[in-house]
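Below, each chain spelled out in residue letters.
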Amino acid sequence: LFDLSICQSEKVDFFSAENRVEFADHLFLQDDFLRAADEYRAGLLEINSDTARFKMALSLEKIGRYTEAADNFKSLFFHSTLNRHAKLEFYRSIFLSGKYDELEEYSRMDVYSPDEVRSEIERMRMISLFLEDKRISNLKDLFLLFENEDAAVLKNYYLKRQNPLK
């Protein structure tokens, strides 16, 4: 159990930026994303930590605050070792928000993402076409983006949506 006498004798500052980020990490691991985001935000007022910013953005994404999450992921694009992960999560936030036109626009302009991120972005873009019920011009190339089993499910889904039984 927590020994209160240790805290009183050492004068621990529970509200220091470092302790707030450490507490946020604990909340994040407990899937308490709302409180984790708030604690990360408070800690980031005093310290600059790419990891804390990334976890705050993930927390925001998990609670459905996609635009705020995307903005925070975007801040990690340059001069961060987490830029590749931040780009992927940035696109995922846009996808989850249902802003498919925005996803399309950003993906068209993005020439700097590594190949593994580009392929994930392309998968999200193609799934957005399914969800918007748009025609896809080159089905063969589309299904190459997915594993065999996933490709078969998507193909059946697409064909049923394009040719519903009357």
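Up top is the structure these notes are about.
Here is what the cut-offs are and how they apply
Residues numbered from 1 in each chain as written. Predicted model: local features only at pLDDT ≥ 70, side-chain atom pairs only at ≥ 80, totals over all residues. Heavy atoms only, no water. Helix = DSSP H or I, 4+ residues; strand = E, 2+ residues; numbered from the N terminus. Buried < 20%, exposed > 50% of the residue type's maximum accessible area, 1.4 Å probe, protein only. Contact = heavy atoms within 4.5 Å. Salt bridge = Lys/Arg side-chain N within 4 Å of Asp/Glu carboxyl O.

S.K.: Just checking my understanding: could you explain the side chain of Ser 59 for this structure?
M.R.: Tracing the backbone shows Ser 59 in helix H4 (residues 50-62). When its relative accessible area of 0% is taken as the criterion, Ser 59 is described as buried. Setting aside anything within four residues of it in sequence, one finds Ser 59 in contact with Phe 28, Phe 33, Ala 36, Ala 37 and Tyr 40.

S.K.: Hey, could you run me through the environment of Phe 33 in this one?
M.R.: Structurally, Phe 33 can be placed in helix H3 (residues 33-44). Note on Phe 33: relative accessible area 13%, which makes it buried. Discounting chain neighbours no more than four positions away, the residues touching Phe 33 are Phe 28, Ser 59, Lys 62 and Ile 63.

S.K.: I keep staring at the pattern of salt bridges and nothing clicks. Help me out?
M.R.: Side chains bearing opposite charge may pair, as long as their charged atoms lie close to each other. Under the defined criterion, the tally for this structure stands at 13 salt bridges. Here Asp 110 ties to Lys 87 by a salt bridge, and the two come within 3.7 Å at their closest N and O atoms. With Asp 110 in the loop between helix H7 (100-109) and helix H8 (115-131) and Lys 87 in helix H6 (residues 83-97), the pair connects residues that are 23 residues apart, well separated along the chain. Comparing Asp 110 with Lys 87 shows no difference in burial state: the two are buried. Glu 104 is the partner of Arg 125 in a salt bridge, and the nearest nitrogen-oxygen pair spans 2.9 Å. One end of the pair, Arg 125, is in helix H8; the other, Glu 104, is in helix H7, with 21 residues separating them in the sequence. On the accessibility criterion, Glu 104 (22% relative accessible area) is partly exposed. Salt bridges sharing common partners tie together Glu 104, Arg 108, Glu 122 and Arg 125.

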